[in-house]
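Notes for the structure review
This is what each chain is made of:
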Amino acid sequence: MNQQSTHFVIKGGRLIDPAAGKDGLFDIRVRDGKIDAIGLDLKAEDATVIAVKDHIVTPGLVDVHLHLMKGLGAFGVDPDIFGVGSGVTTVVDAGSAGHTLLNVFRNYVTDNARTRVLNYINLSTLGGVSGPGYSILADPRLIDEAKIEQAVEANRDIIVGIKIMATGGALGSQGLKPLERARKLGDALKIPLLVHIGESWTKDTAPVHVGDVLKHLRAGDIVTHMFTVHPGGLLDGNGNLWPQVRDAKESGVLMDVGHGLHNLNFDVARKVLDQGLHPDGVSTDGHRGNRAGPVYDLPTTMAKLMALGFSLNQVVEMATVNAAKLLGRPGELGTLRVGQAADISVLKIEDKEWRAVDSQKGTIAAHQTIRPVYAVRGDMIYEALTVERP
Ligand SMILES: [Zn+2]
């Protein structure tokens, strides 16, 4: 049950806040929606006690790539399902809205959600309207810099970048011209690009080489679907990282998981990780079509990264402070501070042998699960939705 409380203490849990250098038993007291104290064994006095012994408490988790316009195309999902219903306090839509739909997005998605909903505006006027084929997104008639600029300037509080599909299917005969236009626009507006790689939807077109895409990216831009098995991914035919990938990483280009229906492949992930390339952001690429598996939610995606060898602290770091940096909001998101609005996740880690399943139904042994329990925003405590998970 969700509950509202003007004065409560989250008591007895292990707080992991990598940005603040905290890992230990800390209580958090919230008064009138703001963090009032973080400390050892805080007195509850007249406050409601949220008892979370044997739980993990973190700054509100951030899922940096989803599709959140319910009713739009095949994918749109209510943000609170992957958001506060999954123990996550911030979710970011990846390109559902072009400039034409941005006000609709703001009014009907961001303003109605219990979860904080941010947005990557689609380079294409159509945004996600055209469905998963995305074959006309790069039509030059559907890229209107002046209108995008207006939309971004009017919505800087929610816009974190520009989404573009860098696939043969989407770019077609336009080649990299749309990416060049996105680059110029991103530079002018001082916002990064979120670039989808991998031919996950269209198989009948020549893939775009990731090296050609990366030439146009710079520090702060984000490549999503870093573990895709589809043509156009980070690995060459021998399973080695293309040299341009290392160069890009060194120059500050960020890498996001973007699990989704198609783009988390454990074999690819192992090869990429073995060569030292680690994710900056962990995201579900959540939508209507993958909630019931293979994705489920961000905590389960984090547990899959643990099965790939990351520690709990590392995956929490990815989903908090690193996600905040990726979104250009360090300090504001991804860490807990006295005086700030409460923005907290509560998780349950369990030792359990299970087979983690990737987007191609490949499996690996996993030893722990991560279950969302609560998401706290201000004076609201949201209980995680029950969903069939592995
Ligand atoms: Zn996506």
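Surrounding the zinc ion are the protein donor atoms His 65 (NE2), His 67 (NE2) and Asp 285 (OD), which sit 2.1 to 2.2 Å from the metal. Mapping the donors of the zinc ion onto the primary sequence gives the spacing H-x1-H-x217-D. Highlighted residues: His 65 in strand 9 (residues 61–66) and Asp 285 in the loop between helix 8 (266–274) and helix 9 (298–307), separated in sequence by 220 residues. For the pair His 65 and Asp 285, a shared accessibility class is recorded, and that class is buried.

With that settled, the discussion passes to the environment of Asp 17. By the element assignment, Asp 17 lies in strand 3 (residues 14–17). On the basis of relative accessibility, which here comes to 1%, the residue Asp 17 falls in the buried class. As for Asp 17 and Pro 59, which are separated by 42 residues in sequence, their C-alpha atoms are 6.2 Å apart. Each residue touching Asp 17, except ones within four places of it in the same chain, is listed here: Lys 22, Pro 59, Gly 334, Thr 335 and Leu 336.

We now examine helix 8. Residues Phe 266, Val 268, Ala 269, Val 272 and Leu 273 constitute the buried set of helix 8. An end-on view of helix 8 places all buried positions within 155° of arc, on one side of the element. Pointing more than 90 degrees away from the buried face of helix 8 are the exposed residues Asp 267 and Asp 274. The secondary structure elements touched by the buried residues of helix 8 are helix 9, strand 16 (343–357) and strand 17 (363–377). Capping the start of helix 8, Asn 265 holds a side-chain oxygen 3.0 Å from the backbone nitrogen of Asp 267, two or three residues further along. Trailing helix 8 by a residue or two, Gly 276 shows a phi angle of about 90°, which is positive.

Let us look at the pattern of salt bridges. Opposite charge on two side chains permits them to pair, given that their charged atoms come into close proximity. Counted according to the given criterion, the structure contains 18 salt bridges. For the salt bridge of Glu 145 with Arg 181, the shortest nitrogen-to-oxygen distance reads 2.8 Å. With a gap of 36 residues between them, Glu 145 in helix 3 (residues 145–154) and Arg 181 in helix 5 (residues 177–189) connect regions that are remote in the sequence. Owing to a relative accessible area of 25%, Glu 145 belongs among the partly exposed residues under this scheme. The partner of Asp 280 in a salt bridge is Lys 249, with the nearest N and O atoms 2.9 Å apart. Placement of the pair is Asp 280 in the loop between helix 8 and helix 9 and Lys 249 in helix 7 (residues 243–250), with a sequence separation of 31 residues. In the salt-bridge network here, residues are joined through shared partners; they are Arg 183, Asp 187, Arg 218 and Asp 221.

Attention now moves to the sheet that holds strand 1 (residues 3–4). Taken in spatial order, the seven strands line up as 1-18-17-16-8-3-4 in an open sheet, and their pairing is mixed. One side of each edge strand has no neighbouring strand; the edge strands of this open sheet are strand 1 and strand 4 (22–25). Of the strand pairs in this sheet, strand 17 and strand 18 (residues 380–383) are connected by four bridges, and their pairing is antiparallel. In the strand pairing of strand 18, Val 376 is matched with Ile 381. Lying over the sheet, helix 9 contacts strand 16 and strand 17, oriented at roughly 145° with respect to strand 17. Contacting strand 3, strand 4, strand 8 (56–59), strand 16 and strand 17, helix 10 (residues 312–326) crosses the sheet at an angle of about 55° to strand 3.

Parameters and conventions
- Residues numbered from 1 in each chain as written.
- Predicted model: local features only at pLDDT ≥ 70, side-chain atom pairs only at ≥ 80, totals over all residues.
- Heavy atoms only, no water.
- Donors = N, O, S within 2.8 Å, 3.2 Å for Na, K, Ca; no water.
- Helix = DSSP H or I, 4+ residues; strand = E, 2+ residues; numbered from the N terminus.
- Buried < 20%, exposed > 50% of the residue type's maximum accessible area, 1.4 Å probe, protein only.
- Contact = heavy atoms within 4.5 Å.
- Arc of directions from axis to C-beta.
- Polar contact = N/O pair within 3.5 Å; in protein donor to acceptor, adjacent residues only side chain to side chain.
- Salt bridge = Lys/Arg side-chain N within 4 Å of Asp/Glu carboxyl O.
- Pairing = 2+ DSSP bridges.
- Axes fitted to C-alpha atoms, helices over the stretch in contact; angles between N-to-C directions.

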